[in-house]
Amino acid sequence: MLSLVTPPNHAWALLWAQSSLPQRESSISLLEPLETVITKNRHVGSQASQEGHCEAFRNIKGFFSKVHLGTSGLSTSSKRVTSTQSYSSIKLEETELNGRSNQSVVSEFIFLGLCDSWELQAFLLVIFSSLYLITILGNVFIVLLITADLHLHCPMYFLLANLSFIDLCLSSVTTPKMITDFLKANKTISFGSCMCQIFFGHFFGGGEMVLLVSMAYDRYVAICKPLHYASIMNTQMCIWLVMTSWIIGFVHSISQIAIIIQLPFCGPRELDSFFCDIPLVIKLACMNTYVLEMLINADSGVLATICFILLLISYSYILLTLCHQSKDGASKALSTCTAHITVVVLFFGPCIFIYLFPLSITWVDKFLAVFYAAITPLLNPVIYTLRNKEIKIAIKRLC
């Protein structure tokens, strides 16, 4: 009786296993031999029971073998599909990586410098080294003088000390690299260093623009509203004006570098200049950058234009007010404002032609870049020292 009970139980187990597998015609057709074997076993007599039992078990064993082979084939085919999909995904990732690596392969840029003659480069090395040394010493001297002399602890000279500090930083962004490149035949700069030059150049440049507007506002309040000067230009207002200049400079710079650092550089890497600046670097990108150039120039141009217009309005109003004052007070205020106006013209002049109205003339662009990066930070301490009587008196007291 064991042979008559066991096969049906195995048959139900096989039917349940087959229902859980994907429907395949080969596996369904395998059920027919098992039902035939079970039907025959029920009618086998006692005389052929042993032979029937053996035949039944052989058929059941064969059925299990076929089911095992079917499930093995399913698992093997699924493994093949999985391995094929994995291989395809790996090839796709390799293709994407190769495409990315081909897009950005420039690790450094090459400066063409100011000239090719070694004799002229040696001469420029001496000139710019001297100018940079005077710039550093002059701006540091003004900062220390204003800090040490108690008579200069007023809003105007507090802003002047911050201007000297910004000029000190601005000149140190590009001038040291230019001086050392005069000694090299291969003038290269890494991609990261180039991005740093762009960031800090626009950071300190944008901050100086806003600080010059703050200094014009200080002169406006001092000349046009002298009775309210102490209450308006208090310590909190001075700190707020300086912090505003730093914040606007940072926002302006980070908006510029966020755009240009994402560009793919895979072609030419020569810059016909002595430092990295956006109008030159963006032209080396391996894509159409016309729209980006317009956006970036508009960013720099809008900041420069707004600051320049505010400065013109402030100093125009100041000059009109001076015309109605006494000669002594007007001459003193005019002397101070003349120094401010001179610095404004020297600083904003190159910026306007570099970003707003580029001339696309190589030697003119290089001259403006040199004037903006090396000459202007030097002229600020010279102008304020020679034109300001209180600075001269403070120097005499110090000596």
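Now for a description of the structure that goes with this document. Just so it is clear, the structure is predicted and the values come from calculations on it, not from any experiment. (Residues numbered from 1 in each chain as written. Predicted model: local features only at pLDDT ≥ 70, side-chain atom pairs only at ≥ 80, totals over all residues. Heavy atoms only, no water.)

Looking at empty space enclosed by the protein
Keep this limit in mind: Only protein atoms enter the 1 Å grid used here. Points where a 1.4 Å probe fits but cannot escape make up a cavity, open sets with protein on both sides within 12 Å along at least five of seven lines make up a pocket, and a residue lines them when an atom lies within 4 Å of a point. Grid points are joined across faces, edges and corners, and a volume is the space filled by probe spheres set on the points. Strands are runs of DSSP state E lasting at least 2 residues, helices are runs of H or I lasting at least 4, and numbering of each runs from the N terminus. Polar here means any residue other than Ala, Val, Leu, Ile, Met, Phe, Trp, Tyr, Cys and Pro, which are nonpolar, and Asp, Glu, Lys and Arg, which are charged; Gly is therefore polar.
Scanning the model with the defined rule gives three cavities of 30 Å³ or more in all. Volume-wise, the largest cavity comes out at about 250 Å³. Taken together, 22 residues make up the lining of the largest cavity; nearest its centre are Gly 201, His 202, Asp 277, Tyr 355 and Tyr 372. It is helix H7 (residues 191–224) that provides the largest number of residues to the lining of the largest cavity, a total of seven residues. Across the lining of the largest cavity, the residue classes break down as 13 nonpolar, eight polar and one charged. For the second largest cavity, the full set of lining residues is Phe 111, Gly 113, Leu 114, Met 178, Asp 181, Phe 182, Lys 187, Ser 273 and Phe 274. Each residue belonging to the lining of the second largest cavity can be placed in one class, and the counts come to five nonpolar, two polar and two charged.

A short note on the packing of aromatic side chains
Rules: Any pair of Phe, Tyr and Trp rings, taking the six-membered ring for Trp, is counted once the centres come within 6.5 Å. Such a pair is stacked with planes under 30 degrees apart, edge-to-face with planes over 60 apart, and tilted for the rest. The rule is simple: take the accessible area with a 1.4 Å probe, protein chains only, and divide by the maximum for that residue type; under 20% is buried, over 50% is exposed, in between is partly exposed.
Summed over all chains, the structure comprises 18 aromatic pairs. A ring pair is formed by Phe 203 and Phe 250, whose centres lie 6.2 Å apart and whose planes are at 85°; its orientation type is edge-to-face. In this pair, Phe 203 is assigned in helix H7 and Phe 250 in helix H9 (residues 235–260), connecting sequence segments 47 residues apart. Note on Phe 203: relative accessible area 14%, which makes it buried. For the ring pair Phe 274 and Phe 275, a centre distance of 4.9 Å and an interplane angle of 55° mean the geometry is tilted. For Phe 274, a relative accessible area of 4% translates into the label buried. Ring pairs connect the aromatic residues Phe 165, Phe 199, Phe 200, Phe 203, Phe 204, Trp 246 and Phe 250, which therefore count as one cluster.

Digging into the pattern of salt bridges
Quick note on the threshold: Salt bridges are identified by distance alone: a Lys or Arg side-chain nitrogen within 4 Å of an Asp or Glu carboxyl oxygen.
Applying the stated criterion across every chain, the model contains five salt bridges. Between Arg 269 and Glu 108 there is a salt bridge whose closest N-O contact spans 3.3 Å. Remark: Glu 108 occurs in strand E1 (residues 108–111) and Arg 269 occurs in the loop between H9 and strand E3 (270–271); sequence separation between them is 161 residues. Accessibility expressed as a relative area gives 33% for Arg 269, which makes it partly exposed.

As for the sheet that holds strand E2 (residues 188–190)
To keep it simple, the criterion reads: Note on pairing: DSSP must find at least two bridges between two strands before they are called paired. Should any heavy atoms of two residues lie within 4.5 Å, those residues are considered in contact. Axis definition: a line fitted to C-alpha atoms, limited for helices to the stretch in contact. Angles are taken between N-to-C directions and run from 0 to 180 degrees.
Overall, mixed pairing links the three strands, which are arranged E2-E1-E3 in an open sheet. For this open sheet the edge positions go to E2 and E3, each flanked by a neighbour on one side alone. One ladder, built from two bridges, connects E1 with E3; its direction is parallel. What sits directly across from Ile 110, in E3, is Glu 270. Where H7 meets the sheet, its contacts fall on E1 and E2, and the angle it forms with E2 comes to roughly 85°.

Describing the side chain of His 202
Here is the rule we go by: Pairs of N or O atoms are called polar contacts if they sit within 3.5 Å, as long as, within protein, a hydrogen donor faces a hydrogen acceptor (for residues adjacent in sequence, only side-chain-to-side-chain pairs).
Position of His 202 relative to the elements: it lies in helix H7. Here His 252 takes part through its side chain, which lies 3.2 Å from a polar atom of the side chain of His 202. For His 202, the side chain forms a polar contact with the side chain of Asp 277, separated by 3.3 Å. Excluding its chain neighbours within four sequence positions, the residues that come into contact with His 202 are Gly 249, His 252, Ser 253, Gln 256, Asp 277, Ile 278, Ser 300 and Tyr 355.

Comments concerning helix H5 (residues 118–148)
Note the cut-off: One fewer than the residue count of a helix, multiplied by 1.5 Å, yields its expected span.
Given a rise of 1.5 Å per residue, 31 residues ought to cover 45 Å, and the 44 Å separating the end C-alpha atoms of H5 matches this to within 8%. Among the residues of H5, Gln 121, Leu 124, Leu 125, Phe 128, Thr 135, Ile 136, Asn 139, Ile 142, Leu 145 and Ile 146 are the ones counted as buried.

Re H9
Taking 1.5 Å as the rise per residue, H9 with 26 residues should run 38 Å; its terminal C-alpha atoms sit 38 Å apart, in good agreement. Every buried residue of H9 is listed here: Cys 238, Leu 241, Val 242, Ser 245, Gly 249, His 252, Ser 253, Gln 256, Ile 257 and Ile 260. For H9, the elements touching its buried residues are helix H6 (155–181), H7, helix H10 (278–281) and helix H11 (290–322).

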